[in-house]
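Close look at the chain arrangement
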Amino acid sequence: MINERSAAFHAAVAAAPSLDAQVPAHPEWTLFNFVQHVGLGRRKSATIVAAGTADAPLEKSAWGDGMGVPQEREALLAWWADSVEQLFDQLPAWDPSV
């Protein structure tokens, strides 16, 4: 399911008229802001799963602060695909009992 929704999101961003388009559910966000937010969420989730159990919360720098997210569409889409791949790479090792 994650793979299908991630692919649909990728296609929607690729087809959008502009990365500056307003996100209807969050009018203060642009499409770029939304991709950045969701992509960082994928990276954060991958980092947390990879870390396993921890005594303290992970530093935000472990998954990035979003400052290096490319603003050109093709590079942004590649960054998005990499964000999803990072998460998928960690899921097979995830132990939900932890």
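Just so it is clear, the structure is predicted and the values come from calculations on it, not from any experiment. (Residues numbered from 1 in each chain as written. Predicted model: local features only at pLDDT ≥ 70, side-chain atom pairs only at ≥ 80, totals over all residues. Heavy atoms only, no water.)

Quick word on the nonpolar core
So the rule is basically this: Here the nonpolar core consists of buried residues drawn from Ala, Val, Leu, Ile, Met, Phe, Trp, Tyr and Cys, with membership extended through side-chain atoms lying within 4.5 Å. Only protein chains enter the accessibility calculation, which uses a 1.4 Å probe; a residue whose area is less than 20% of its type maximum is buried, one above 50% is exposed, and one in between is partly exposed. Secondary structure follows DSSP: runs of H or I at least 4 residues long count as helices, runs of E at least 2 residues long count as strands, and numbering of each begins at the N terminus. Working rule for contacts: check all heavy atoms of both residues, and any pair within 4.5 Å makes them a contact.
Counting 15 residues, the largest nonpolar core has V13, L19, L31, V35, L76, W79 and W80 as its most contacted members. Counting residues per element, the ones that place at least two in this core are α1 (2-15), α2 (31-51) and α3 (73-90). Other than its neighbours up to four places away in sequence, W79 contacts V35, Q36, G39, L40, R43, V69 and P70.

Concerning the confidence of the model for the protein chain
Close reading of the predicted structure is inappropriate where its pLDDT is low. Just so we agree on the cut-off: pLDDT: the predictor's confidence for each residue, scored from 0 to 100.
Mean pLDDT for the protein chain: 84, with 80% of residues reaching 70 or above. Ranking the elements of the protein chain by mean pLDDT puts α2 last, at 88, and strand β2 (residues 26-30) first, at 93.

A short note on the side chain of S83
Here S83 is to be found in helix α3. For S83, a relative accessible area of 0% gives the class buried. Apart from the residues within four sequence positions on either side, S83 is in contact with G39, R42 and R43.

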